[in-house]
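Observations on chain architecture
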Amino acid sequence: MRTLPLLPAALVAVLALSATTTACGDGGGVGGTPPDRTFSGSWSVVSLTVDGRKLTAPDAARLTLEPGQGGREAEATGNYGCNGFTAAVVFEAGSAITVRPGASTDMACADMRFETEFARLFQGRLTVHEQPDTVTLKTAAGDEISLTTKPRTPKAPLVDTVWTVDSLLGGGTASSLPAEAAGRARFTVAADGSASGNLGCNRFSAKATVEGNRLTFGTLTTTRMACEGGAGEVERALTGLFGSGPLDWRIQGDALTLTASGGGDGGDGGAKGITAKAGSATG
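The text that follows walks through the structure, step by step, so that each part is easy to find. For clarity, every value in this text was computed on a predicted model and none was experimentally measured.

What follows is about the environment of alanine 185. The topology assignment puts alanine 185 in the loop between β11 (173-176) and β12 (186-189). Residue classification places alanine 185 among the buried residues on the basis of a relative accessible area of 0%. A sequence separation of 22 residues divides alanine 185 from tryptophan 163, and the C-alpha atoms of the two residues are 8.6 Å apart. In this structure, alanine 185 is in contact with Trp163, Thr164, Val165, Leu177, Asn198, Leu199, Gly200, Val234 and Leu238, ignoring residues within four places of it in sequence.

This is the structure:
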């Protein structure tokens, strides 16, 4: 990522503005339409696709294009998810643009992988594929930047939301829940410091403490049904994870990721982490 250690005051103001601008791009057009007349305005970044793997964008990731007077060039400002940036853009015939990176801020960021990949993809020649409300920028290697004009889904709150577990994390992979536990494994952290839910088979309750981005469950009290097969495996994984100590939590939109702090394995055969989707609020 190119950085300039000392940026002019005007540029700093532009970069700061790009971090807070809401999505309101033109978004019209159809595939194959030359981008010099349609691809402009402000866009939220939805995701990156790198080597076939999808990276979900942080809430702050966005891109704004302001065409120049000639109609074939534009100034791009945006946010990689944490750091602001500028770039020069030239519109080409055949639904393509060429991007020349400019300056960027240089803060230490929590999700540096997304920052680095966004900066790497948003340069050089990109083909532009437009649909109503969405644009996909594609590199020669087939990697993609997905953009939208639609408002981002507001983050669901950790507390007083029903979280339905949809995958177990471990060994660098995410595994979907077996059919016996899918839709059943869920939990809620209440504002009074209690937690309750279903481990995939048995119901549970416990005390819960939230401190910053750490969530800690107390001793679990459960019903005592015999649980076999896939439901039993999920129950053992969640019991081990919830009882392993402080867990790191992160929410993007309606998706929660909960992982053992410090990269632990969840203890007692537990998963390293889980992902869950928000359901209805309980409050």
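Text resumes after the structure shown.
Okay, helix α3 (residues 229-242) next. Side chains of residues three or four places apart in an α-helix project in the same direction, reflecting 3.6 residues per turn. With 14 residues, α3 extends 20 Å between its outermost C-alpha atoms, agreeing within 8% with the 20 Å of an ideal straight helix rising 1.5 Å per residue. With 10 of 14 residues buried, α3 is to be regarded as a mostly interior element. Among the residues making up α3, those that are buried are Gly230, Ala231, Gly232, Val234, Glu235, Ala237, Leu238, Gly240, Leu241 and Phe242.

What follows deals with the pairing of strand β6 (residues 96-104). The two faces of the sheet receive side chains in turn, since in a regular strand these alternate between them. As judged from the 7 bridges shared by strand β5 (residues 84-92) and β6, these two strands associate in the antiparallel manner. If you follow alanine 88 over to β6, its bridge partner there is arginine 100. The sheet contact formed by β6 and strand β7 (residues 124-131) spans 4 bridges and is antiparallel. Residue alanine 96 lies in a different strand from β7, and its bridge partner there is threonine 127.

The subject of this paragraph is unusual backbone geometry. We note that aspartate 51 has phi near 55 degrees; this positive angle belongs to a residue other than glycine. With respect to the helices and strands, the residue aspartate 51 is situated in the loop between β1 (41-50) and β2 (53-56). Non-glycine residue aspartate 160 carries a positive phi angle of around 65 degrees. If you trace the backbone, aspartate 160 turns up in the loop between β9 (144-148) and β10 (161-170).

Looking now at the state of the cysteines. Scanning all chains against the criterion turns up 1 disulfide. Here cysteine 201 engages in a disulfide with cysteine 227; their sulfurs sit 2.0 Å apart. Looking down the S-S bond of the cysteine 201 and cysteine 227 bridge, the torsion is -80 degrees, so its handedness is left-handed. Taken together, the positions of cysteine 201 in the loop between β13 (194-198) and β14 (203-211) and cysteine 227 in the loop between β16 (221-222) and α3 put the pair 26 residues apart, joining distant regions of the chain. Among the residues examined, cysteine 201 registers a relative accessible area of 9% and is labelled buried. Accessibility expressed as a relative area gives 18% for cysteine 227, which makes it buried.

Criteria and thresholds
- Residues numbered from 1 in each chain as written.
- Predicted model: local features only at pLDDT ≥ 70, side-chain atom pairs only at ≥ 80, totals over all residues.
- Heavy atoms only, no water.
- Helix = DSSP H or I, 4+ residues; strand = E, 2+ residues; numbered from the N terminus.
- Buried < 20%, exposed > 50% of the residue type's maximum accessible area, 1.4 Å probe, protein only.
- Contact = heavy atoms within 4.5 Å.
- Expected span 1.5 Å × (residues − 1).
- Pairing = 2+ DSSP bridges.
- Disulfide = S-S within 2.5 Å.

Any functional reading would require information beyond the geometric quantities listed.
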